[in-house]
Amino acid sequence: MSAAREKAQADLPAKLNAQAAAALATLCWLLSAGVYIAAKAVVTEMPPWSLCFWRVVLAGLILLPVTRRHWSAMITLIQRRWLSLLIVGGLGLSITQGLIYVGLNYTTAINAGLIIALMPVITMILARFLLNEPVGTWQFIGSIIAFLGMVIIVTRGNLWALFRLELNPGELFVVGAAIAFALYTVLLRRAHYELPGLPLLVILLGAGVVAALPFYIWELINDERTALNPKGILALIYVAGPGGALMYYLFNLSVQALGASPAGVFLYLQTAFVAILAYFFLGERLLPYHLAGAFFILVGVLLVMLVKASPGPGGQ
C-alpha cells in the first residue's frame, strides 16, 4: 500500500498542498458540470453517442503523452487483463456518459445533475452485494431517503405518476447512467489494477472508445444530426478538452493529494454547479420538486457517506 501511494505521489506537482488540491477538486467538478450544459445545448446538432465517442477519443489522445513513462507498464496490463479493462472502462467512460447524453435529449440538465448525485448510494448498495462490504442501519435508512429524493425528481413531485407509468424516459436514462457508474466504481475497486491513476485512466478511456464505437457507427447510419456545425464543434472541444482531459487530470491530482473519499465528497459541488450554469446558459429554473428531491438526496447521501457501518463477524 505504501509503495502504491509513493508511486502515485510521484505524479503530483511539487508543493501541492491540501488547499490547492481542494481548489483543483472544485474546478474539476465545475468543468464536469459544464459538460452537462454543453451536451444539453447541442442536442439538436449532435447525437449523444457521437459526443460520447469523440469525447473519450480526444481526451485519451490529449492525456496519452502525459503518461509516456508508464507506456511499458500500460501495455503489459492491457496484454494481461484486456477483457476486464474493456468491461470496466466501457461501463464507466462510455456507457455512463452515453446514457447521460441520451437522457439530456429528453430531460433538463438540472434533473440529470440531481439524479447523478445518487451514485455514492448506489455504489454502497452494489458494494454490499459484490464486495460484501457492510451496510449499517443508518446507511440503509440513508439509501431509502436518497431513493425517495430520486423518485420525487423522476416523477416531478407527482408520486402517482409511478402508478400511471407517466415517467420521462430522460430521467430513466440518467438513473441507468448512475447505476452504470456505480457498477464501474465497484468493479474498479475489486479489480486492483497495479497502475497509477492517470495511466490507468488513459487505458480505460481507450476501452471507452471501443465500447462507444458500435453506438457511434449506428448513429452515423441512422441519425441525421451527425453533421457537425460550429456550435457542435465548440461543444465537442469543450467536453474533450476542459471538460474531459483537464477535468480527469485535475480529479486524479485531487485524489492523490486528498485521498479518494475526501476528494469524492467534492462530487456534490457538481450538482450545484449544474443548476447554476443551467440557469444562466440554458434558462432552466429550479422548481419546488427539484428542491424537495435535492433535500432528500442530500440527507440520504450524508448518512451514507458520514455514518460508518460496523463490520460483521467476517469483516476487516
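The structure displayed is predicted, hence computed values, not measured ones. (Residues numbered from 1 in each chain as written. Predicted model: local features only at pLDDT ≥ 70, side-chain atom pairs only at ≥ 80, totals over all residues. Heavy atoms only, no water.)

## So, the overall build of the chain
- Looking only at helices and strands, the chain features 14 helices and 0 strands.
- Its helices and strands taken in sequence order, the chain reads α-α-α-α-α-α-α-α-α-α-α-α-α-α from the N to the C terminus.
- By residue count, 49% of the 316 residues in the chain fall in the buried class.
- Across the chain, contacts joining residues at least 24 apart in sequence account for 89% of those joining residues at least 6 apart.
- Of the roughly 15,700 Å² of accessible surface on the chain, a fraction of 70% belongs to carbon and sulfur atoms. (Helix = DSSP H or I, 4+ residues; strand = E, 2+ residues; numbered from the N terminus. Buried < 20%, exposed > 50% of the residue type's maximum accessible area, 1.4 Å probe, protein only. Contact = heavy atoms within 4.5 Å. Areas by Shrake-Rupley, 256 points an atom, 1.4 Å probe, with all protein chains shown as cover.)

## Regarding the packing of aromatic side chains
- Considering all chains together, one arrives at 9 aromatic pairs under this definition.
- Taking 5.8 Å as the distance between ring centres and 75° as the angle between the ring planes, the aromatic pair formed by Trp29 and Phe251 counts as edge-to-face. Taken together, the residues Trp29 in helix H2 (residues 18–41) and Phe251 in helix H11 (residues 230–258) connect sequence positions 222 residues apart.
- Geometrically, the ring pair formed by Tyr106 and Phe173 is stacked, given 6.4 Å between the ring centres and 15° between the ring planes. Taken together, the residues Tyr106 in the loop between helix H4 (71–103) and helix H5 (109–116) and Phe173 in helix H9 (residues 169–191) connect sequence positions 67 residues apart.
- The partly exposed category is assigned to Phe173, whose relative accessible area is 32%.
- Cluster of aromatic residues (ring-pair linked, three or more members): Phe53, Trp54 and Tyr216. (Phe/Tyr/Trp six-rings, centres within 6.5 Å; stacked < 30°, edge-to-face > 60°.)

## Regarding unusual backbone geometry
- With phi around 55°, His192 is a residue other than glycine that occupies positive phi space.
- Inspection of the secondary structure puts His192 in the loop between H9 and helix H10 (197–222).

## So, the side chain of Glu45
- Tracing the chain through its elements places Glu45 in the loop between H2 and helix H3 (48–63).
- We classify Glu45 as buried; its relative accessible area is 15%.
- There is a polar contact of 3.1 Å between the side chain of Glu45 and the side chain of Thr44. (Polar contact = N/O pair within 3.5 Å; in protein donor to acceptor, adjacent residues only side chain to side chain.)

## A look at the packing of H5 against H9
- Their axes nearest at 9 Å, the elements H5 and H9 cross at an angle of 30°. The pairing of H5 with H9 is recorded here as roughly parallel in orientation. Note on packing geometry: the crossing formed by H5 with H9 is right-handed. For the pair H5 and H9, the contacting residues are Asn111, Ala112, Ile115 and Ile116 in the first and Glu171, Val174, Val175, Ala177 and Ala178 in the second. (Axes fitted to C-alpha atoms, helices over the stretch in contact; angles between N-to-C directions. Parallel < 35°, antiparallel > 145°, perpendicular 65-115°, else oblique. Left-handed = near helix turned anticlockwise from the far one by under 90°.)

## Notes on the environment of Thr96
- Turning to its location among the elements, Thr96 is positioned in helix H4.
- Distance in space between the C-alpha atoms of Thr96 and Ala182 is 9.4 Å, their sequence separation being 86 residues.
- The contacts of Thr96, once residues within four sequence positions are left out, are Leu91, Ala177, Ala180 and Phe181.
- Within the local environment of Thr96, its side chain forms a polar contact with the backbone nitrogen of Phe181, the two atoms lying 3.3 Å apart.

## Here's the deal with the environment of Ile95
- Mapped onto the elements, Ile95 comes out in helix H4.
- Separated by 85 residues in the primary sequence, Ile95 and Ala180 have C-alpha atoms spaced 7.0 Å apart.
- Not counting residues within four places of it along the chain, the set of residues in contact with Ile95 comprises Trp49, Gly90, Ala180 and Phe215.

## Points about the side chain of Ser32
- Within the secondary structure, Ser32 sits in helix H2.
- If we ignore the near neighbours within four places in the chain, the residues touching Ser32 are Met247 and Gln270.

## Some remarks on a nonpolar patch on the surface
- Taken together, the side chains of Trp54, Leu58, Leu61, Ile62, Leu64 and Trp71 define a hydrophobic patch exposed on the protein surface, amounting to about 500 Å² of accessible area.
- A per-element tally of the nonpolar patch places H3 first, with 4 residues. (Patch = residues over 30% accessible without salt bridge, like charges linked within 9 Å, V, L, I, M, F, W, Y side chains within 5 Å. Salt bridge = Lys/Arg side-chain N within 4 Å of Asp/Glu carboxyl O.)

## A word on H11
- Taking 1.5 Å of rise per residue, 29 residues should cover 42 Å, and H11 covers 39 Å from first to last C-alpha, within 8% of that figure.
- Along H11, the sharpest change in direction is near 35° and occurs at Met247.
- With its phi angle positive at about 100°, Gly259 sits one or two positions after the end of H11. (Expected span 1.5 Å × (residues − 1). Bend = angle between axes of the 7 residues up to and from the residue.)

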